[in-house]
Amino acid sequence: MALNLSNLKAPKNANSNKKRVGRGMGSGMGKTSTRGHKGQGSRSGSSLMRGFEGGQMPLHRRLPKRGFTNIFRTEYTVLGLDRVAELAAGGEKEFTLEKIVELGLLRKKGGLVKVLNNGEIKVAVTVHAHKFSKTAKEAIEKAGGQAVVIG
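Just so it is clear, the model here is predicted, and its values are computed rather than measured.

Draft legend 1. Focus on the sheet that holds strand E5 (residues 131–132). Sheet architecture is open: three strands sit in the order E1-E3-E5, paired in parallel fashion. Edge strands, defined here as strands with exactly one partner in the open sheet, are strand E1 (76–80) and E5. Alignment of E1 against strand E3 (residues 112–116), held across five bridges, turns out to be parallel. Note on E3: the bridge partner recorded for Leu-79 is Val-115. Running at roughly 55° to E1, helix H2 (residues 81–89) makes contact with E1 and E3 of the sheet.

Draft legend 2. Structural context of the nonpolar core. Residues Leu-81, Val-84, Val-115 and Val-127 are the most contacted members of the largest nonpolar core, which totals 21 residues. When residues of this core are traced back to their parent elements, those giving at least two are H2, E3, strand E4 (126–129) and helix H4 (134–142). Considering every element that reaches this core, the biggest residue donor is H2, with five residues. Apart from residues no more than four positions distant in its own chain, Val-84 is found in contact with Leu-79, Phe-95, Ile-121, Val-125 and Val-127.

Draft legend 3. Inspection of H4 at higher detail. Of the positions making up H4, those classed as buried are Ala-136, Ala-139 and Ile-140. Looking down the long axis of H4, one finds its buried residues gathered within 95° of arc, a one-sided arrangement. Exposed and oriented more than 90 degrees from the buried face of H4 are Lys-134 and Lys-142. Contacts from the buried residues of H4 go to H2, E3, E4, E5 and strand E6 (146–149). Two residues or fewer after H4 comes Gly-144, characterised by a positive phi angle close to 95°.

Rules behind the numbers
Residues numbered from 1 in each chain as written. Predicted model: local features only at pLDDT ≥ 70, side-chain atom pairs only at ≥ 80, totals over all residues. Heavy atoms only, no water. Pairing = 2+ DSSP bridges. Helix = DSSP H or I, 4+ residues; strand = E, 2+ residues; numbered from the N terminus. Contact = heavy atoms within 4.5 Å. Axes fitted to C-alpha atoms, helices over the stretch in contact; angles between N-to-C directions. Core = buried A, V, L, I, M, F, W, Y, C linked by side-chain atoms within 4.5 Å. Buried < 20%, exposed > 50% of the residue type's maximum accessible area, 1.4 Å probe, protein only. Arc of directions from axis to C-beta.

Structure (structure tokens):
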């Protein structure tokens, strides 16, 4: 039988009702409403902080901390010359930031682009980017193209 919209069915046990506690003895979850007897978790208004282990030193404090994260780091999306050459062979001659986004080479909107020299380029192209590696710039200019730095 072919699968189409008219005969789609949810997998078995996919649609189960939410557990409704404290609805009488017949429900199987009456009286203490699955909280057990006495103790911290049985009281109303009880909520523990995430990762609380009953007073034992929590895992996130037991593990050693190493290094640090620089919150001011600038991240660049890498664009390789091999990819540029591949697209240049397809007819592209100028790679502006808008064109790079349009081609799907830059995902993050408003992101920064750095061109690296991995591969060879033989076609003269104009590439607009925020940064170029020294060898990438030389390779583009050697092929007769231009490396234009944005910003």
